[in-house]
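# Chain and residue survey
Below, each chain spelled out in residue letters.
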Amino acid sequence: MAQDLAKDSECVSLVGQAPVHRPYTEEGGCSQDYQDMEMDYVDTNVSILSQFHEDAIFQAGIGRFQWILFFITGLGLAADSIEILIVAYVMPSAERNLCMDYSQKEWLSCVSFVGMIIGGVLWGHLADKIGRRRILISALTTNAFFAIVTAFMPNYGFFVVFRLCSGIGIGGSLPIVFTYYGEFLPKNNRGQHLSWLLIFWILGGVIVSVTAWAVIPRTGLTILLSENVHFSSWRLFLVICVTPSVFSVIGLMFLPESPRFLLEVGRNAEAMCVYQEVFKSNHAPKSGMEYQLTELELPTRRPTDISHTVTKDILTDLFETLDSFWRSFGQVLWPPYSKITMILLVVWVTTSFGFYGISAWSPEYIKKLHVEEHQSNTVDVHNQTIENVEFNATLENINFYGSHFDNVRFNGMVLSHCIFENCVFLNSTFVEVRSSKTFFRHSEFYNIFFIDTDFQDYRFQECNFQDSTFVNTKQGCTIDYDINFNLRTIFLENLFVQLASVPGIFISSCVVNRLGRVKTLGTSLLLASLTAFFTWILESEASVIVFQSVVCFISISGWNAIDIITTEIYPTHIRTTGYGFLSSVSWFAAILGKLTFGTFINASKVGTILTTATVFLIGGIVSLRLPETRDTFM
């Protein structure tokens with residue numbers, strides 16, 4: 001430290017769990033009490049390395065380095081959000097291009113979660129063994145690579161496999177981002193800064209919505225009529241949405257490893273270099289300031305836990321790796337952390353089940369409302385004779401019963417949600433006709449030409465053909481594609497839900513330190529439980545969007561508290577292992593929630609209300625058994 005700044009500066013050591021500020025001596029440098037740092041760490045319930053790290057990162061300060069880290073890791077979290085939300089926008093176009101039936105669409109909507117289940121366990125364990133930064137780079141690179149490759153897959157099978165691999169990559173984002181960023185923060189700032197990270201989750205949702213609106217066809221009719229023009233639009237959308245992962249990987253290349261991890265594995269010199277780098281970045285404008293700690297003041301010095309044995313065969317390495325894997329999980333699942341893990345497990349499962357369940361129920365319920373409205377506007381035509389007419393515009397939502405079509409030309413048009421029952425067609429032609437949810441039942445066709453239509457056999461149910469000809473009927477996908485799709489609904493729903501979460505994040509960042517992590521979590525889940533009862537009055541698209549926005553506004557504080565508690569509650573050597581395991585189980589709960597709430601769409605709202613209220617209530621009550629972690633050292 002420069003001599004002219006000595007009197008105004010402070011050095012910091014820890015006594016118990018509170019930083020104690022000691023002034024510099026007149027000769028410069030720290031007092032003898034500070035130099036004998038090891039004597040200051042007297043809280044035997046806290047790792048000495050954790051206390052030293054808190055002291056070291058406190059002196060390094062909060063500033064430019066943390067904001068750069070915040071932005072780069074935040075992009076990794078945005079990629080996580082994108083991976084979850086992207087399918088809703090891709091599905092309508094991909095359904096037609098890849099010819100997906102209902103079961104295939106259901107599997108596609110869940111395959112990313114399956115990948116994230118695998119990825120959370122895999123990357124979480126590796127981040128505790130190899131390092132936060134290196135594994136986060138590997139996970140995001142895996143996600144970006146397979147997401148880009150997915151965009152070029154020609155069929156459903158390859159598309160699903162590579163979506164699974166993309167999900168495996170992003171599975172490591174959530175546990176490692178919070179851990180990596182949290183280990184660069186002193187405890188007094190950790191809660192607030194980790195809360196702000198969720199802004200990037202919202203940003204990911206906004207990126208998806210805006211990009212989809214700009215790139216993907218907005219209506220099912222556009223997709224049906226302009227397949228050649230818009231064939232690659234959803235693929236381009238997939239490539240664009242990889243951008244946050246790519247930028248995050250590039251940024252991480254220039255960042256250091258977590259110093260807390262380096263201390264844990266005995267790489268003390270590297271850890272001190274990182275502390276000094278953080279200090280210099282944060283205090284660059286203040287010339288003359290120097291970082292006071294050195295490697296000599298570390299309370300412990302252990303050799304790096306790296307084996308230099310080169311005689312092991314591959315099989316031995318494999319068994320040792322598996323043994324290390326199970327030992328790490330054993331520490332998470334058995335005492336002294338078994339009780340904590342079980343409580344967190346219940347909280348993660350109930351929160352994820354309820355949140356993703358209601359998130360899946362809301363758009364499906366809106367779709368049901370649209371179908372009911374569409375059906376209420378159906379026009380029935382009975383026993384009409386239609387002669388010498390050309391239809392060259394879309395016929396939609398019309399049912400013809402017992403009608404006769406004589407010398408009628410259907411030319412370059414779309415038949416959408418039309419029924420022709422007990423009808424007779426004479427001397428008529430169908431030329432370049434596209435169809436959706438249209439059927440001919442018990443009808444007669446005499447001297448009819450079908451030219452370049454997409455009529456498949458299933459459209460004709462118990463019909464009779466006399467002197468009728470099919471010429472160049474469109475081949476390819478045989479699914480009955482429903483064109484009653486409008487991107488506007490998905491866009492508005494996701495956009496309003498994401499924006500509604502923003503004030504919730506800032507409120508959470510203010511209360512998570514003052515009120516505490518546990519109380520914030522419990523309050524959020526209990527309020528979400530009460531909100532479920534408003535489901536009973538939802539009767540319009542607008543009311544459903546408002547309801548889902550309110551649920552997200554309330555529950556975002558709970559998600560934030562869960563993330564922070566899980567980051568802080570485990571010791572360094574199993575921190576991402578525990579977090580990765582819990583996040584993986586939560587993705588499994590999300591799949592169950594989506595499937596369970598899907599069965600409530602055509603049933604009474606009672607099931608939706610009771611299930612949502614119950615799971616959030618259980619999570620809220622159980623969460624109160626968690627220990628408060630706001631004073632925890634990393």
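Residues numbered from 1 in each chain as written. Predicted model: local features only at pLDDT ≥ 70, side-chain atom pairs only at ≥ 80, totals over all residues. Heavy atoms only, no water.

### Side note on unusual backbone geometry
Where we set the bar: In this text, helices come from DSSP runs of H or I with a minimum length of four residues, and strands from runs of E with a minimum of two, each type numbered from the N-terminal end.
Across the junction of proline 335 and proline 336, the peptide omega takes the value 10°, indicating a cis bond. At lysine 437, a position not held by glycine, the phi torsion is positive, near 50°. Take lysine 437: it is sitting in the loop between β14 (434-436) and β15 (439-441). Positive phi outside glycine occurs at glutamate 462, with the angle close to 55°.

### Section: the sheet that holds β15
The condition that has to hold: By definition, two strands form a pair when at least two bridges between them are found by DSSP.
Strand order in the open sheet formed by five strands is β3-β7-β11-β15-β18, with parallel pairing between adjacent strands. In the strand order of this sheet, the two ends are held by β3 (379-382) and β18 (460-461), each with one partner.

### Focus on the pairing of strand β7 (residues 398-401)
Both β3 and β7 contribute to a ladder of four bridges, which runs parallel. Paired with histidine 382 across the bridge in β7 is tyrosine 401. Looking at chain direction, β7 and strand β11 (residues 419-421) are connected through three bridges and run parallel. Across the sheet, the residue bridging to phenylalanine 400 is phenylalanine 420, located in β11.

### Some remarks on the packing of aromatic side chains
Threshold: By convention, a stacked pair of Phe, Tyr or Trp rings (six-membered ring in the case of Trp) has centres within 6.5 Å and planes under 30 degrees apart, an edge-to-face pair has planes over 60 apart, and any other such pair is tilted. Burial classification: accessible surface area is computed with a 1.4 Å probe over protein chains only, and a residue below 20% of its type maximum counts as buried, one above 50% as exposed, and the rest as partly exposed.
Throughout the structure, instances matching the rule amount to 55 aromatic pairs. When the ring of tryptophan 67 is compared with that of tryptophan 196, the centres are 5.8 Å apart and the planes differ by 15°; the resulting orientation is stacked. One end of the pair, tryptophan 67, is in helix α3 (residues 64-98); the other, tryptophan 196, is in helix α8 (residues 187-215), and 129 residues separate them in sequence. Assessed through its relative accessible area of 41%, tryptophan 67 is described here as partly exposed.

### Considerations on helix α14 (residues 268-283)
Our working rule: In a helix, the anticipated span is given by 1.5 Å times the number of residues less one. Contact definition: two residues touch when any of their heavy atoms are within 4.5 Å.
The end-to-end C-alpha distance of α14, which contains 16 residues, comes to 22 Å, matching closely the 22 Å that a straight helix rising 1.5 Å per residue would cover. For α14, every residue scored as buried is listed here: Asn268, Ala271, Met272, Val274, Tyr275, Val278, Phe279, Ser281, Asn282 and His283. In this structure, the buried side of α14 is in contact with α2 (48-60), α3 and α13 (259-264).

### Side note on a nonpolar patch on the surface
How we decide: Patch construction takes residues with relative accessible area above 30% that form no salt bridge. Like charges are linked within 9 Å, and nonpolar side chains (Val, Leu, Ile, Met, Phe, Trp, Tyr) are linked within 5 Å. All accessible areas in this document rest on Shrake-Rupley with a 1.4 Å probe, and a residue is counted as covered only by the protein chains that are shown. A side-chain nitrogen of Lys or Arg and a carboxyl oxygen of Asp or Glu constitute a salt bridge if their distance falls within 4 Å.
A cluster of nonpolar side chains, contributed by Val246, Phe247, Ile250, Met253 and Phe254, occupies part of the molecular surface with about 530 Å² of accessible area. Structurally, phenylalanine 247 is set in helix α12 (residues 243-252).

### Considerations on the environment of serine 586
Mapping serine 586 onto the fold places it in helix α20 (residues 575-598). Taking C-alpha positions, serine 586 is 8.3 Å from threonine 350, a pair spaced 236 residues apart along the chain. Once you skip the residues sitting within four places of it in the chain, serine 586 turns out to touch Trp348 and Ser352.

### Some thoughts on the environment of valine 550
As for its placement among the helices and strands, valine 550 is situated in helix α19 (residues 541-569). When its relative accessible area of 35% is taken as the criterion, valine 550 is described as partly exposed. Taking the C-alpha atoms as reference points, valine 550 and glycine 504, separated by 46 residues in sequence, lie 9.7 Å from one another.

### Structural notes on the nonpolar core
Condition: We call a set of buried Ala, Val, Leu, Ile, Met, Phe, Trp, Tyr and Cys residues a nonpolar core when their side-chain atoms join them within 4.5 Å.
Counting residues in hydrophobic clusters, the biggest one holds 92 residues, and the most contacted among them are Tyr275, Leu344 and Tyr356. Dropping the residues within four chain positions of it, tyrosine 275 is found in contact with Phe52, His53, Ala56, Ile57, Ala60, Pro259, Arg260, Leu263 and Tyr291. Core analysis: the second largest hydrophobic core is formed by 34 residues, Ile82, Ile86, Trp234 and Phe485 among them.

### Let's talk about the environment of threonine 523
Residue position: threonine 523 is located in helix α18 (residues 517-531). Its relative accessible area of 38% is what places threonine 523 among the partly exposed residues. For the pair formed by threonine 523 and leucine 624, sequence separation is 101 residues and the distance between their alpha carbons is 9.5 Å.

### Looking at empty space enclosed by the protein
The following threshold applies: Definitions used for this entry: grid spacing 1 Å over protein atoms alone; cavity, a set of points where a 1.4 Å probe fits but cannot get out; pocket, an open set with protein on both sides within 12 Å along at least 5 of 7 lines; lining residue, one with an atom within 4 Å of a point. Grid points are joined across faces, edges and corners, and a volume is the space filled by probe spheres set on the points.
What the rule picks out here adds up to three cavities of 30 Å³ or more. What the largest cavity holds in volume is close to 100 Å³. For the lining of the largest cavity, the secondary structure elements donating two or more residues are α3 and α5 (132-150). The dominant element in the lining of the largest cavity, judged by the number of residues it contributes, is α3, at four residues.

### What about the pattern of salt bridges?
Note that side chains of opposite charge can pair when their charged atoms are close. Tallied over the full model, the rule gives 16 salt bridges. The partner of lysine 187 in a salt bridge is aspartate 631, with the nearest N and O atoms 3.9 Å apart. With lysine 187 in helix α8 and aspartate 631 in the segment after α21 (605-623), this residue pair connects regions lying 444 residues apart in the sequence. Residue class for lysine 187 comes out buried when judged on its relative accessible area of 7%. Lysine 368 is the partner of glutamate 372 in a salt bridge, and the nearest nitrogen-oxygen pair spans 4.0 Å. Of this pair, glutamate 372 and lysine 368 both sit in helix α16 (residues 338-376), separated by four residues, roughly a single helical turn. Connected through salt bridges with shared partners, the residues Glu54, Arg190, Arg517 and Glu568 form a single ionic network.

### Considerations on the sheet that holds strand β6 (residues 395-396)
Read from one edge of the open sheet, three strands run β6-β10-β14, paired in parallel fashion. Every other strand in the sheet has two partners, leaving β6 and β14 as the edge strands with one partner each. Note that strand β10 (residues 414-416) and β14 share three bridges and pair parallel. Its bridge partner being in β14, valine 414 is matched across the sheet by arginine 434.

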